[in-house]
Amino acid sequence: MFDYRHIITQNITPSWLPDTIQAAMLRLDLLHPEVSGNKWFKLRHNLEAAGKRTILTFGGAWSNHIAATAAACRLLGRSCIGIIRGEAAPVLSPTLQKAMADGMQLHFVSREAYRLKEVPAWATDAYVIPEGGHNALGAKGCEGILPLVQGRFTHICCAVGTGTTLAGLINSATTQEVRGYSVLKGAGYLENEIAMLLHPHITCRWQLLHDFHFGGYAKTTPVLLDFIKEFYRETQIPLDRVYTAKLVAGFRQQLQTGQFPEGSRVLLIHTGGLQGEP
Ligand SMILES: *Cc1c(COP(=O)(O)O)cnc(C)c1O
């Protein structure tokens with residue numbers, strides 16, 4: 001169903017890249033048009049563990065995780081329930097319309113109720129995947145990402161929401177240094193959340209960067225939007241504004257402040273996220 005050969009390692013040479021640094025992008029966004037990026041890796045072992053049970057998960061109206069779960073369940077012939085944050089808008093977001101068309105049963109709860117992440121009494125038989133696919137099986141699936149990379153790198157860089165993907169990268173990295181670019185503002189709790197998903201004897205160095213959220217989750221700036229356009233012009237690679245644009249813009253800023261030594265070979269993970277964009 002998913003052909004990992006679609007995932008290529010693409011060298012990039014945007015105008016701002018110094019001659020002394022090499023960069024490439026791992027195109028997880030090319031895996032599948034509907035189950036794109038890192039989401040499939042977080043889902044795969046969870047879907048296996050669920051067996052034939054209905055899948056139940058959580059997300060907001062624009063959630064890439066909801067979109068990927070609904071599409072994956074349709075492709076696998078599984079039933080699924082989405083607990084959606086906030087009251088249903090009169091016109092559903094494109095993400096939710098597509099999820100419904102994929103067969104996901106949507107259940108809207110207030111923001112307060114959503115915070116509790118309760119499973120409704122009528123759905124207690126379901127297999128629960130946490131919001132964002134954030135669990136140990138999710139991280140385990142993301143250990144399958146680095147084996148797909150062509151070439152050798154000194155640094156691996158990835159956008160961070162829940163940190164599940166980053167944990168899988170750290171668990172499977174050997175000599176590379178792993179850097180996570182948080183898209184959330186003031187997410188000091190993330191280090192712990194990530195540490196809880198790590199194997200006891202990891203060998204790689206890793207760090208989480210908190211200065212590249214551009215105002216906070218799903219916030220954007222004109223500079224960031226221009227950056228997306230410019231990057232597309234120079235590389236033909238589309239970036240989403242919530243995650244991957246902040247990763248690449250953060251990488252650029254780190255280059256400018258000398259945070260990568262000369263001779264670094266940097267792999268940026270394109271985690272997808274292009275569904276639901278206007
Ligand atoms: C969900 C998502 C992330 C965040 O992944 P986590 O494992 O939650 O850190 C990053 N990039 C894109 C495009 C996403 O959709």
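Structure report, in brief.

Scoring rules and cut-offs
- Residues numbered from 1 in each chain as written.
- Predicted model: local features only at pLDDT ≥ 70, side-chain atom pairs only at ≥ 80, totals over all residues.
- Heavy atoms only, no water.
- Phe/Tyr/Trp six-rings, centres within 6.5 Å; stacked < 30°, edge-to-face > 60°.
- Helix = DSSP H or I, 4+ residues; strand = E, 2+ residues; numbered from the N terminus.
- Buried < 20%, exposed > 50% of the residue type's maximum accessible area, 1.4 Å probe, protein only.
- Lys NZ or Arg CZ within 6 Å of the ring centre and 35° of its normal.
- Contact = heavy atoms within 4.5 Å.
- Polar contact = N/O pair within 3.5 Å; in protein donor to acceptor, adjacent residues only side chain to side chain.

1. Observations concerning the packing of aromatic side chains
- Under the criterion given, the structure shown has 10 aromatic pairs.
- Note on Y217 and Y243: the rings are 6.1 Å apart at their centroids and 70 degrees apart in plane angle, and the pair reads as edge-to-face. Of this pair, Y217 sits in the loop between strand 9 (206-209) and helix 8 (222-235) while Y243 is found in the loop between helix 8 and helix 9 (244-256), placing the two residues 26 residues apart along the sequence.
- Judged by relative accessible area, Y217 falls into the partly exposed class, the value being 43%.
- Overall, the relative accessible area of 18% leaves Y243 in the buried class.
- Joined through ring pairs, the aromatic side chains of W16, F227, F231, F251 and F260 make up one cluster.
- Here the guanidinium or amino end of K39 rests over the ring plane of Y243, the centre of that ring lying 5.6 Å away.
- Directly above the ring of Y114 sits R85, whose terminal nitrogen or CZ lies 5.4 Å from the centroid.

2. Comments concerning the environment of H210
- Tracing the backbone shows H210 in the loop between strand 9 and helix 8.
- Along the primary structure H210 and G180 are separated by 30 residues, whereas in three dimensions their C-alpha atoms are 8.7 Å apart.
- Sequence-distant contacts of H210, that is, excluding residues within four places in its chain, are made with S182, A187, G188 and E191.
- At 3.2 Å, the side chain of H210 forms a polar contact with the side chain of E191.

3. Section: unusual backbone geometry
- The phi dihedral of K117 is positive, around 50 degrees, even though this residue is not glycine.
- Structurally, K117 is set in the loop between helix 4 (111-116) and strand 6 (127-129).
- The class for K117 is partly exposed, based on a relative accessible area of 29%.
- The phi dihedral of F214 falls on the positive side, at around 50 degrees, and the residue is not glycine.

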